[in-house]
Amino acid sequence: MRSGARRRSLLGARALFGPVAVLLVWIAGSAALAGPLLSATYIQSAYGGTVVRPGVGATGSFDGTRFTLDPGSAFSGTGCIGFVAGCSPLVGTQFVPPISRLDFSFGANGALSGTIGQASIPVASGIHGTAFVRGRFAKMTFTFLTIPLNVGATSVIMRPTTPSATTLVVTVFGDGWHLGQITATGNTVNFSARNDVMATGGVTVTAAGNTHLNLVSLTRVKVRGLTANYLAFPTYLQLTYAPEPALAGMLCLASIGLAAAGRKRRPAPEHSRS
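Here is what the cut-offs are and how they apply
- Residues numbered from 1 in each chain as written.
- Predicted model: local features only at pLDDT ≥ 70, side-chain atom pairs only at ≥ 80, totals over all residues.
- Heavy atoms only, no water.
- Salt bridge = Lys/Arg side-chain N within 4 Å of Asp/Glu carboxyl O.
- Helix = DSSP H or I, 4+ residues; strand = E, 2+ residues; numbered from the N terminus.
- Pairing = 2+ DSSP bridges.
- Axes fitted to C-alpha atoms, helices over the stretch in contact; angles between N-to-C directions.
- Disulfide = S-S within 2.5 Å.
- Buried < 20%, exposed > 50% of the residue type's maximum accessible area, 1.4 Å probe, protein only.
- Core = buried A, V, L, I, M, F, W, Y, C linked by side-chain atoms within 4.5 Å.
- Contact = heavy atoms within 4.5 Å.

Q: So, the pattern of salt bridges: which residues are in play, and what are the values?
A: Inspection of the entire model under this criterion finds 2 salt bridges. One salt bridge in this structure joins D103 and R134, with 2.9 Å as the shortest N-O distance. In this pair, D103 is assigned in strand β6 (residues 99-109) and R134 in strand β9 (residues 127-137), connecting sequence segments 31 residues apart. It is possible to trace a salt-bridge network through shared partners that takes in R101, D103 and R134.

Quick look at the structure:
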């Protein structure tokens, strides 16, 4: 009796060892793989308004620690902020006349990589584009300033290519991407102090195992001349990654292990002697 039960136990263990061994090999091979990028969204804000660009076609991966993003031209497109039909409206503020709106055009975009342990993600070449400061006078619209953008690039100075009045100098200072909280102090408008501007990034994981990264950057705009403005505009880069392949394998292996344990506890049926 005992030898028969022991033989059945060994046969069951051998039958279970095959798929478990295959799973272990598969997990070991997929441990170096990473979950792919599911979605990417770029959000440019200014004066309370926002321009949202979905990153259709962007690629990237996340292995639990390190993440990558290769947007290519995924964020390409246009948008505008201002009290103009079709634009994102300003919130609680108005442009100083004759300025009436901000137009944005985004094209080729730089890639980035980092780890979730980094408070700041250094990027040499950020999301490229152009900001157009539009004015309106006597029912005619004109371009007051054209500013090349390199958003997310670390310590980059962006100067207007359109000549402005000698009494007015505009400079845009770039900032890298951050996963923590960042604050811009010393903000002024028309020589008067304004509140600090704060933006917060972070990492969250959904019940399905997807990882959301919210990267933030604070672009500073300095205006000197007839007025003295020092402003900060937060920008957001929201990335969502699928779970790592190894995680799915571990969950499958755990299910098989629980099923095997339950089978082992189940008593064998007794056969009556005839």
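Q: I'd like a rundown of the sheet that holds β9, residues and numbers included.
A: Pairing within the open sheet is antiparallel, and its 4 strands lie in the order β5-β6-β9-β10. Both edges of this open sheet fall to β5 (77-82) and β10 (140-151), since each of them pairs with a single strand only. Across the sheet, the mean angle separating the axes of adjacent strands is 20 degrees when strand polarity is ignored. Here β6 pairs with β9 via 8 bridges, running antiparallel.

Q: Residues and numbers for the state of the cysteines, please.
A: Summed over all chains, the structure comprises 1 disulfide. Disulfide pairing places C80 opposite C87 at an S-S distance of 2.0 Å. Classification of the bridge connecting C80 and C87 rests on its S-S torsion, roughly -105 degrees, and on that basis the disulfide is left-handed. Among the residues examined, C80 registers a relative accessible area of 12% and is labelled buried.

Q: So what's going on with the nonpolar core? Residues and values would help.
A: One finds F67, L69, I147, W177, L215, L237 and L239 to be the most contacted residues of the largest nonpolar core, which totals 44 residues. Secondary structure elements with two or more residues in this core: β1 (35-46), β4 (66-70), β6, β9, β10, β12 (168-173), β19 (211-225) and β20 (228-241). Sorting elements by how many residues they give to this core places β20 first, with 5 residues. In contact with L69, not counting residues within four places along its chain, are L37, A40, A58, T59, G60, A111, L112, L237, L239 and Y241.

Q: Give me unusual backbone geometry: which residues, what numbers.
A: Of note in this structure, Y47 is not a glycine but carries a positive phi near 55 degrees. Structurally, Y47 is set in the loop between β1 and β2 (49-54). Accessibility expressed as a relative area gives 28% for Y47, which makes it partly exposed. Even without glycine at this site, N190 takes up a positive phi of about 55 degrees. Assessed through its relative accessible area of 42%, N190 is described here as partly exposed.

Q: Lay out the side chain of T240 with the relevant residues and their values.
A: You can see T240 is positioned in strand β20. Overall, T240 belongs to the buried group, its relative accessible area being 11%. If near-sequence neighbours (up to four positions away) are discounted, T240 is found in contact with P36, L37, L38, S39, N210, T211 and H212.

Q: Got a sec to walk through the environment of L239? Specific residues and values, please.
A: Checked against the element boundaries, L239 lands in strand β20. Between the C-alpha atom of L239 and that of T211, which follows or precedes it by 28 residues, the distance is 8.1 Å. When residues no more than four places from it in sequence are discounted, the contact partners of L239 are L37, S39, A40, L69, T211, H212, L213 and L215.

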